[in-house]
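Observations on chain architecture
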Amino acid sequence: MSTTTLAVLVPLLPFLGAVAGLLLGRSAPGFVRPLAILPTLASAVLAVLVAVRQGGGEPINTATELTPTGSVPIDLSLYLDGFAVLVAVLVGVVATCVQVYSTAYLREDPRYPSYAALVSLFTSAMLLVVYSGDLMVLLVGWEVMGICSYFLVGHYWETEAARSASLKAFLVTKLGDVPFLIGLFALAADAGSFQITKILGTVAAGGLDNPTLIALLLLAGVAGKSAQFPLHTWLPDAMAGPTPVSALIHAATMVAAGIYFIARLLPVFAASRAALVVMAVMAAVTMVGSGLAALAQDDIKRVLAYSTIGQLGYMTGALAVGDRGAAVFHLLSHGAFKALLFLGAGVIIHAAGTNSLGAMSRMDGLAKRIPDAFWTMTIALLALAAIPPFAGFFSKEAVLVAAEHTATGHSEFAPSAAGWLVLVAGVLTALLTAAYATRLWLMAFRGRGAAAPDHGKEPLAMTGVLWLLAIPSVGFGLAAGTIAEWFDGGELTPTLVTSVLGTGAAAIGAMLTYALWQRASAKAALATAAGTRAAAAAGVPAAVVAAESAAEAPEVAEVTHDHPAVPAGPAADPGKALLGPLHRHAADGFHLDAVYDRLFVRPVLAAASLVRFLDREVVDTYVRGAGTGTRMLGSLVRRAQTGNVQSYLSALLAGAVVLAIATAVLANVNAGS
C-alpha cells in the first residue's frame, strides 16, 4: 500500500468510526467503545507508519481536482512533510489516549455514544487540517473542529456554565474565522490557487499584492482558533466540558491548528515585517497575561487552560521570529505533557470531588489516594515548568534561542524588535509558569486538614494512559537533534545563555512560590484553629461549618462519587501573596469579558433593540395601516351589497341620469367655446 493511500486512511478511519458510532449508538450500545477506540488507534498506527516512510525527506505532494469552479480551482491535495507527519502522530496518539481514558471516566454517562463519536469526528477534522495541501479542504476540517468543540464543550448542557461556554467558544472563534476566510480568498486570488505549494511559490516570487493585509486577516483567525490575545477568552470557560475533551482540545487539536497553520504558511507572514511585529506583540501579551491569570485561578482546570494559552504564546513567539521548527517542536512537546496534565487533573477531580484548589488544600493525603496521578502529574508539571531534563525544557529553550538570535541581529528573517519582545516575555513567563505549576502541585498534593476520601484504585484505562503519556513528557526533549532533521534543519538545542536565563527564572519562581506557600500554610493553620474555637464557643455545629465550606467548591458535573464536605478554613494560596493587589483582577482575567461586554455586546444589543422597535412600531404600523384601510374600504363597499334588485335598478337608473346630464353639460360647454 502506497504512502499516499495510508495517508488518506489516517483521517478517514476516525470519520467512519464517528459515523458508525452515531448510527449504532442507541441500537447497538455494545459496539460504541470498540468503534470509539479501534478506528482512532488504527489511525494513530497508520500515522506512525506514514511518518516512518516519509522519514523527514522530500515532501510528498499529490493532488486531484475536486471540482471545477470556473476561477480558482479546489483540489483534493495531500502535502506530507516532516511537520505534517509528526503532528499527525501527536494527534493520533493523544486522541487514542483520550478515547481509552474516556471509557472509564465517562463510564456512567448516558450520552457517552454521541460523545465518543464527536471525539472521533474532532480527531478526523484535525488530521484533515494536518495532511491537507489545499486551503479550502483545510478550511473544511478547520470549521468541523469548531462545530465539534461547540457540542463537546456543551456536553453537560443541563448546566448553565456548559451552555454559555459552548456558545462563547463558537462565537469567539467564528469572530476570528470571518477575516480568516477573507484572507484565504485574497491569498488564493493573488496566487491563482488554493494549493499550499503554489501559494508558497507565489510568495517566493513576490507575487502577493497586499502581504500585510493578508497576513493580518489570517492572523485574526489564528488568534481565535489558538486562543491568543485578544480572542483567548473562550478557552478558560471551555473547561465546563468533560476533562478528556479539554485534554484533546488543548493538546492536539483545535488550539494547535492555528499554530500549525502559520507554520505551514510562514513565508506568507514573513513577507510583511509589520505582521511579524504584530505577531510578536500578540505573543508577548498572551504569555505574560496568561501567566498572571493562571496564578490567581482556583479551578485546577482553569489554571491549566491559562497555561495552554501561555504555551501557545511561546509557539506564536517562535513563529514571529521566523523559527517554525522551534514552534512545532514545542507544539509536540506541549501536546504530550498537557494531555497528561488534563487527564491527571481528571483523576484528581474524581478523587477529591471538586476542581477547587482551595478545597484540595484543606485535604490531607490526596497524593497517597491517587499515587499514579501524583507521580505523573509531578512529571508533567516539571515539564511545564521547563526543568531539565524534561521535555518542556528543550522545546521552550528552542523558542528562547530563536528569539535570542533574532534579538541580537543574527537573523534577517524578522526585525530585532520582535526578537526582544519574545525573549523578554519568554523569560518572564518562564518564572510565572514555574510559579503557578508549583502552586498547583502544593495546593493539590500537600494539603492539610481532614483526610482525603478513599474510593479505591482508579481504573487501569485511566492510570495506564497517564504513564504512557509520561514517557514523552520525560524523554521527548532528548530527541531534539533528530527532530531538527525532520524540520528545516535548524538547531533546536539549548545554548548556555538561554538555559541560564530560562532555568534561573523557573527556579526563582518555584522557590518564591514555595516560601510563600509555607507562610500561607502557617497563617491558614492559625486561622483554622481560631475559627474552630470560635465556632465551638458559639455553639455552631461542625456539620454546618463543613457545609458552608463545601459551598465554596464549584459544582463538578463529572464527579461520580459521593464526597464528604471539606472542612472549613482559609486556603493556603501563595498566589495571593505573589500577585498582591493584582490578584483580584488576574482572577477575573483582567476583566476582558467586561470590556468586550461594554465595547461590543451592549452596543449590539442596543442596536438590536432599536431594530426591534423600528420593526414593531414603525414598519408594523404601516403594515397594519394598510390592512386597516383595506378592511374599511371593504366594509363601505359591503354596505352597498344589499341583495335588493330594486335598489340595484334604482342605482343604475340614477347613474344613467347623471351620465346623461354630464354629457349634455359638456356638449354645451364645447359648443359655446
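These notes cover the structure that comes with them. Everything numeric here is computed off the predicted structure, so don't read it as measured data.

Our next topic: the overall build of the protein chain. For the protein chain, the helix and strand inventory stands at 28 helices and four strands. Dimensions of the protein chain along its principal axes, counting C-alpha atoms only, are 120 × 80 × 55 Å. Expressed as a percentage of its 673 residues, the buried residues of the protein chain come to 52%. Sequence-distant contacts, at least 24 apart, represent 81% of the contacts inside the protein chain between residues at least 6 apart. For the protein chain, the accessible surface area stands at approximately 27,900 Å², while carbon and sulfur atoms represent 69% of it. Averaging the positions of the 37 positive and the 39 negative side-chain charges in the protein chain gives two centres separated by 9 Å.

Attention shifts here to the packing of aromatic side chains. Enumeration over the complete set of coordinates arrives at 16 aromatic pairs. With 5.1 Å between their ring centres and 80 degrees between their planes, Phe393 and Phe394 make a pair best called edge-to-face. Like Phe394, Phe393 is buried. Through a chain of ring-to-ring contacts, three or more aromatic side chains come together here, namely Phe374, Trp375, Trp441 and Phe445. Positioned above the aromatic ring of Tyr112 is the side chain of Arg33, whose terminal nitrogen or guanidinium carbon lies 4.7 Å from the ring centre.

Quick look at the packing of helix H10 (residues 243-251) against helix H14 (residues 300-320) now. Contact geometry of H10 with H14 gives a least axis separation of 11 Å together with a crossing angle of 10 degrees. Taken together, the axis directions place H10 and H14 in an arrangement best described as roughly parallel. Within the contact between the two elements, H10 uses Thr243, Ser246 and His250 and H14 uses Lys301, Leu304, Ala305 and Thr308. Classifying every residue of the contact of H10 with H14 by side-chain character gives two nonpolar, four polar and one charged.

Another point: helix H6 (residues 160-191). Under the 1.5 Å per step criterion, the end-to-end length of H6 is 46 Å for 32 residues, consistent within 8% with the ideal 46 Å. Where H6 bends most, at Asp177, the angle is about 25 degrees, and the proline Pro179 comes one to four residues later. Gly192 occupies a position one or two residues after H6 and carries a positive phi of about 75 degrees.

Here we take up a nonpolar patch on the surface. Nonpolar side chains collect at one region of the surface, where Val8, Leu12, Phe15, Leu16, Val19, Leu23, Leu24 and Phe31 lie side by side and expose about 700 Å² of accessible area between them. Here Phe15 is to be found in helix H1 (residues 3-24). The class of Phe15 is partly exposed, set by a relative accessible area of 37%.

On to the nonpolar core, then. Among the nonpolar cores identified, the biggest contains 196 residues, and Tyr131, Trp234, Phe261, Val268, Phe269 and Phe487 are the most heavily contacted of them. For this core, the leading source of residues is helix H15 (residues 324-352), giving 18 residues. In this structure, Leu442, Trp517, Ala524 and Ala572 belong to the second largest nonpolar core, which totals five residues.

Once that is clear, we can look at the pattern of salt bridges. In this structure the tally under the stated criterion is 11 salt bridges. A salt bridge links Asp177 to Lys174; its shortest N-O distance comes to 2.8 Å. Separated by three residues within a single helix, Asp177 and Lys174 lie in helix H6, roughly one turn from each other. For the pair Asp177 and Lys174, one class covers both residues: buried. Look at the salt bridges and you will find they share partners, linking Lys168, Asp237, Arg302 and Asp593 into a network.

Here the focus is the side chain of Gln297. Looking at the element boundaries, Gln297 is found in the loop between helix H13 (273-295) and H14. Side chain to side chain, Gln297 and Arg302 meet in a polar contact 3.2 Å long. The contacts of Gln297, once residues within four sequence positions are left out, are Arg302, Val303, Tyr306, Leu357, Arg439, Ala586 and Ala587.

At a minimum axis separation of 8 Å, H15 and helix H19 (residues 391-407) run at an interaxial angle of 155 degrees. Between H15 and H19, the angle is such that the two are roughly antiparallel. In the packing of H15 onto H19, the handedness of the crossing is left-handed. Where H15 abuts H19, its residues Ala326, Phe329, His330, Ser333 and Phe337 lie against Ala391, Gly392, Phe394, Ser395, Lys396, Ala398 and Val399. Along the lines of polarity and charge, the residues of the contact of H15 with H19 split into seven nonpolar, four polar and one charged.

Turning to helix H7 (residues 196-204), its buried residues are Ile196, Ile199, Thr202 and Val203. Along the axis of H7, the buried positions cluster into a sector of 120 degrees, meaning they face one direction only. In this structure, the buried residues of H7 make contact with helix H5 (135-153), H6, helix H11 (254-264) and helix H12 (266-270). Of the residues one or two after H7, Gly206 is the one with positive phi, at around 70 degrees.

Here we come to the pairing of strand S1 (residues 60-67). Note that S1 and strand S2 (residues 74-80) share seven bridges and pair antiparallel. When the sheet's bridge partners are listed, Asn61 is paired in S2 with Tyr79. What sits between S1 and S2 in their antiparallel hairpin is a turn of six residues, with Gly70 showing a positive phi close to 85 degrees.

Moving on, we get to the environment of Ile249. Within the element layout of this structure, Ile249 appears in helix H10. Take Ile249: its relative accessible area is 3%, and that puts it in the buried class. Along the chain, Ile249 and Val119 lie 130 residues apart, while their C-alpha atoms are 9.9 Å from each other. Not counting chain neighbours up to four residues away, the residues in contact with Ile249 comprise Phe122, Val153, Trp234, Leu235, Met254 and Val255.

What counts, and at which threshold
Residues numbered from 1 in each chain as written. Predicted model: local features only at pLDDT ≥ 70, side-chain atom pairs only at ≥ 80, totals over all residues. Heavy atoms only, no water. Helix = DSSP H or I, 4+ residues; strand = E, 2+ residues; numbered from the N terminus. Buried < 20%, exposed > 50% of the residue type's maximum accessible area, 1.4 Å probe, protein only. Contact = heavy atoms within 4.5 Å. Areas by Shrake-Rupley, 256 points an atom, 1.4 Å probe, with all protein chains shown as cover. Lys, Arg positive; Asp, Glu negative; His and termini not counted. Charge placed at Lys NZ, Arg CZ, Asp CG, Glu CD. Phe/Tyr/Trp six-rings, centres within 6.5 Å; stacked < 30°, edge-to-face > 60°. Lys NZ or Arg CZ within 6 Å of the ring centre and 35° of its normal. Axes fitted to C-alpha atoms, helices over the stretch in contact; angles between N-to-C directions. Parallel < 35°, antiparallel > 145°, perpendicular 65-115°, else oblique. Nonpolar A, V, L, I, M, F, W, Y, C, P; charged D, E, K, R; others polar. Expected span 1.5 Å × (residues − 1). Bend = angle between axes of the 7 residues up to and from the residue. Patch = residues over 30% accessible without salt bridge, like charges linked within 9 Å, V, L, I, M, F, W, Y side chains within 5 Å. Salt bridge = Lys/Arg side-chain N within 4 Å of Asp/Glu carboxyl O. Core = buried A, V, L, I, M, F, W, Y, C linked by side-chain atoms within 4.5 Å. Polar contact = N/O pair within 3.5 Å; in protein donor to acceptor, adjacent residues only side chain to side chain. Left-handed = near helix turned anticlockwise from the far one by under 90°. Arc of directions from axis to C-beta. Pairing = 2+ DSSP bridges.

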